[in-house]
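Coordinate analysis (summary)
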Amino acid sequence: MKISGAQAFIKCLQEQGVDTIFGFPGGAVIEIYDELNKTDVIKHVLVRHEQAAVHAADGYARVKGEVGVALVTSGPGATNTVTGIASAYCDSIPIVVFTGQVPTQLIGNDAFQEVDIVGITRPCTKHNYLVKKPEDLVPTIREAFHIARTGRPGPVLIDLPKDVVGAMINFPEMKQVKMRTYRPTYEPHPGQVEKACKAILKAKRPVIYAGGGVVLSDANEELTALARKLNIPVTMTLMGLGGFPGTDSLSMGMLGMHGTYYANMAVAKSDLLISVGARFDDRVTGRIDAFAPDAKIIHIDIDPSSISKNVKVDIPIVADCRHALAAMNTWIDRKIDPADHGGKTAAWLEKIAAWRNKHPLAYKEDGDVIKPQFVVEKLHELTGGEAIISTEVGQNQMWAAQFYHFNHPGSFLTSGGLGVMGYGFPAAIGAQMAAPDRTVIDVAGDGSIQMNIQELATARQYGCPVKIAILNNGYLGMVRQWQELFFDKNYSATPLDVSPDFVALAQAYGGVGLRAKTKSEVEPVIREALKTDNVVIMDFVVSREEGVYPMVPAGKATTEMLLV
Amino acid sequence: MRHVISVLLQNKPGVLSRVTGLFSGRGFNIESLSVAQTIDPEVSCLTLTTKGDDMIVEQITKQLHKLIDVIKVTDMNETESVEREMAIIRVKAEAGTRAEVLRIIDIFRGKVVDVSPKSYAVEVTGPASKLKAVIDILRPIGIQEIVRTGVISMSRAKKS
Ligand SMILES: Cc1ncc(C[n+]2csc(CCOP(=O)(O)OP(=O)(O)O)c2C)c(N)n1
Ligand SMILES: [Mg+2]
């Protein structure tokens, strides 16, 4: 029996275990929306801007550990997804984005709402497709999900011409996707594992540098086992937060531009850097020749092109982080008794503790003025550290990263690689859909939140009780901080002279708005928000010119930190 | 250093722009490029020459490999290979120089492929070094136009 392309689309989603998608309709996808409205196997979440659909799919994917899906129309619907796709690409998040397209016979004719979205997104997708023939539809969707979720995950886009979706086709049987040209390496090379383990056992000042790959491959248990077995201190990138318990005594928190003093010092003085699923981004390394100058480098990554891209690596291991760490743990357990070995790093840990005592992560209190860091600390305290935190971009993002000590993978959602203002709120909606029983908080800036504020309507429509904590400093704060430090306080275009009354704004959408102007009001506001079963904006009026510290100025060595 | 890189690709629309987009997007340079179908009609072979230090060339080959439609990437500098490029050169050939041009072309086993009262178009095939030699010798006589195919390269078969 033949079915329509639109029906096949829905069957394919079901096959892939998808039950929720985020989208926005239009003429080119109207056939698909017609079918969506007739079925209840797929829940469609109507966002209010296509960019938000992609960020929501991204947040959903991170929390659920499955592929997130977005559906939009051709032309402007498609171009509105580009920022979301590029963000997911930088952060290696598995999503599939479906875009409508004009009918095949019109492609190339500058038809109404035609855009070459496959061409536009080629450099920011893991792969993309234009489906030209109806019989290719189903195999393409299956391949796209396979590519998105395997290897180094990433976004895949499928462009669907209107006539392909409208055609009648036979639904081919599900087969395992086998591709001639794409076979990611999951298992580590045993010889490399052995070399790495020997180097680790020999090292006097080892540091584990964990990135997003740890979170993506669910390697947190293996990583924790390795670190605790040999007492190796751990630092994480922005994307790696949650990959190792932030409250563990071996955790040094984040490294890099706004990393802790002790993490950056430890990396600089280490003799062995064990990099797991991280990519030596410039925000992490600072001036590259001064990064871990005395260290041998082990680099575990599933993407061979990440290895020796920015820094020459001594022992590369191309593999899934979890598989590689498991193999290393097995090797080490067979060779040594950790009880004899665990004390070997004692002197090194003492040295790190001394650095930590000298310059702990800190901020200056100021009477009843609300310090933004204090808000994040209170959020941590009042949620028991168990909330899912998403962030916008800027100072708010860095304070969330520094002061909410993440203990679990998948609990910190941030646009790390691309740094998209406007990511946090829609991602929080996606996260809340994936985990309806969890507390989800978007730590926001007064600038960023306005970039996708329209999603208050989405949150309301689907009963998503996301909590937004605006650290309202009246500035595009992070840019202001750079102007303060490097441009003689020439605050060009960074004061937000006019902003909405966020409390009234929340109420206008049918949500709840709360405001704290003094330190003593912070806790009651958070408590009130946490017990509210509705979307809430908490407007924290914070000290206006607070800075994020430590800070490594761009292009400087990571040891040249500006401190509080 | 100059590297010749040979890439086997799925013969599908858009694949070439994935490769060239990769080079422009990542700031790698392409000095020459040639593409055509292989014996398997579903597969194309793309040969490109590029310049860069070892770390850059390693990145280039890894990034190419990462493209889903790429089947195989070979840095021809690392194997014994036969390398060829063809050029058609239009050179001034007037009363005094016609015979000399023919002699030079003959030495390089070139062919005249177009004749006019004032010029010859000659075809020369060989490795890049040979084309350079021909061009250097013809230049003083007066080269009016050159078109080149870009390098193609094939690994030599194992001798044993
Ligand atoms: C879409 C986008 N545009 C511009 C920037 C550059 N940028 C980075 S941080 C920042 C300021 C953000 O202001 P706000 O949301 O108020 O956060 P704050 O730093 O004050 O906490 C800007 C403009 C960006 N990251 N993303
Ligand atoms: Mg701000």
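Since the model is a prediction, treat every value here as computed from it, not as a measurement. (Residues numbered from 1 in each chain as written. Chains lettered and ligands numbered in written order. Predicted model: local features only at pLDDT ≥ 70, side-chain atom pairs only at ≥ 80, totals over all residues. Heavy atoms only, no water.)

Brief notes about the interface of chain B and chain A
A common way to express how large an interface is: the accessible area buried when the components associate. With 17 residues of chain B at the interface, the matching set in chain A holds 20 residues. With both chains or domains summed, chain B and chain A bury close to 1,600 Å², and 49% of this area falls on carbon and sulfur atoms. When the buried area of chain B at its contact with chain A is split by residue, B:Arg18, B:Met55 and B:Ile68 rank highest and sum to 41% of it. Where chain B touches chain A, the interface holds two salt bridges. (Contact = heavy atoms within 4.5 Å. Buried area = accessible area lost by both parts, 1.4 Å probe. Salt bridge = Lys/Arg side-chain N within 4 Å of Asp/Glu carboxyl O.)

Here's the deal with the domain arrangement of chain A
Residues and elements named next belong to chain A. When cut into domains, chain A gives domain 1 (3–169), domain 2 (190–358) and domain 3 (372–541). Contact with domain 1, which involves 23 residues of that partner, is made by 27 residues of domain 3. With both chains or domains summed, domain 1 and domain 3 bury close to 1,900 Å², and 64% of this area falls on carbon and sulfur atoms. Linking domain 1 with domain 3 are zero salt bridges. Counting the contacts that link domain 1 with domain 3 gives 11 residue pairs in polar contact (both at pLDDT 80 or more). At the level of elements, strand S3 (43–46), helix H3 (50–64) and helix H5 (82–91) are the ones that each hand at least two residues to the side of domain 1 that touches domain 3. For the side of domain 1 that touches domain 3, the leading source of residues is H3, giving 10 residues. Each residue belonging to the side of domain 1 that touches domain 3 can be placed in one class, and the counts come to 10 nonpolar, seven polar and six charged. (Domains from an automatic or database assignment. Polar contact = N/O pair within 3.5 Å; in protein donor to acceptor, adjacent residues only side chain to side chain. Helix = DSSP H or I, 4+ residues; strand = E, 2+ residues; numbered from the N terminus. Nonpolar A, V, L, I, M, F, W, Y, C, P; charged D, E, K, R; others polar.)

A closer look at the sheet that holds strand S1 (residues 2–10) of chain B
Residues and elements named next belong to chain B. The strand order S2-S3-S1-S4 describes an open sheet built from four strands, whose pairing is antiparallel. Two strands in the sheet have a free side with no partner beyond their single neighbour: strand S2 (32–37) and strand S4 (70–75). Averaged over all neighbouring strand pairs, the angle between strand axes comes to 15°, with direction disregarded. In this structure, S1 lies alongside strand S3 (residues 43–51), joined through nine bridges in antiparallel fashion. Bridge pairing in S3 places Leu-9 opposite Ser-44. Seen against the sheet, helix H2 (residues 54–66) touches S1, S3 and S4 and runs at an angle of roughly 165° to S4. (Pairing = 2+ DSSP bridges. Axes fitted to C-alpha atoms, helices over the stretch in contact; angles between N-to-C directions.)

Concerning unusual backbone geometry
The residue after A:Tyr549, namely A:Pro550, is reached through a cis peptide bond having omega 0°. Within the fold, A:Pro550 resides in the segment after strand S20 (536–541). Positive phi, close to 55°, is recorded for B:Arg109, a residue that is not glycine. You can see B:Arg109 is positioned in the loop between helix H3 (98–107) and strand S6 (111–116). Judged by relative accessible area, B:Arg109 falls into the exposed class, the value being 74%. (Buried < 20%, exposed > 50% of the residue type's maximum accessible area, 1.4 Å probe, protein only.)

Regarding the nonpolar core
All names here are of chain A. Ranked by internal contacts, the top residues of the largest apolar core, which has 97 residues, are Ile-208, Leu-273, Ile-298, Met-328 and Phe-540. For this core, the domains that each give at least three residues are domain 2 (190–358) and domain 3 (372–541). Formed by 49 residues, the second largest nonpolar core is a distinct cluster that contains Val-54, Ile-117, Phe-425 and Ala-434. (Core = buried A, V, L, I, M, F, W, Y, C linked by side-chain atoms within 4.5 Å.)

Observations concerning the packing of helix H1 (residues 5–15) of chain A against helix H7 (residues 137–149) of chain A
A pair of packed helices can be characterised by two numbers: the angle between their axes and the separation between those axes. Residues and elements named next belong to chain A. In the contact formed by H1 and H7, the axes pass within 10 Å of each other and the chain directions differ by 30°. The pairing of H1 with H7 is recorded here as roughly parallel in orientation. The handedness of the crossing between H1 and H7 is right-handed. Across the interface between the two elements, Gly-5, Ala-8, Phe-9, Cys-12, Leu-13 and Glu-15 of H1 pack against Leu-137, Val-138, Ile-141, Arg-142 and Phe-145 of H7. Within the contact of H1 with H7, the residues separate by chemical class into eight nonpolar, one polar and two charged. (Parallel < 35°, antiparallel > 145°, perpendicular 65-115°, else oblique. Left-handed = near helix turned anticlockwise from the far one by under 90°.)

A few points about the sheet that holds strand S9 (residues 206–210) of chain A
Think of a sheet as strands paired side by side through backbone hydrogen bonds, with each pair either parallel or antiparallel. Residue and element names in this part refer to chain A. Within the open sheet, the six strands sit side by side as S11-S10-S9-S12-S13-S14. Their pairing is parallel. Two strands close off the open sheet at either side, each with one partner strand: strand S11 (251–254) and strand S14 (315–318). Looking at each pair of strands side by side, their axes are set apart by 15° on average, direction ignored. Where S9 lies against strand S12 (residues 272–276), five bridges are found, and the strand directions are parallel. Counterpart to Pro-206 in the pairing with S12 is Leu-272.

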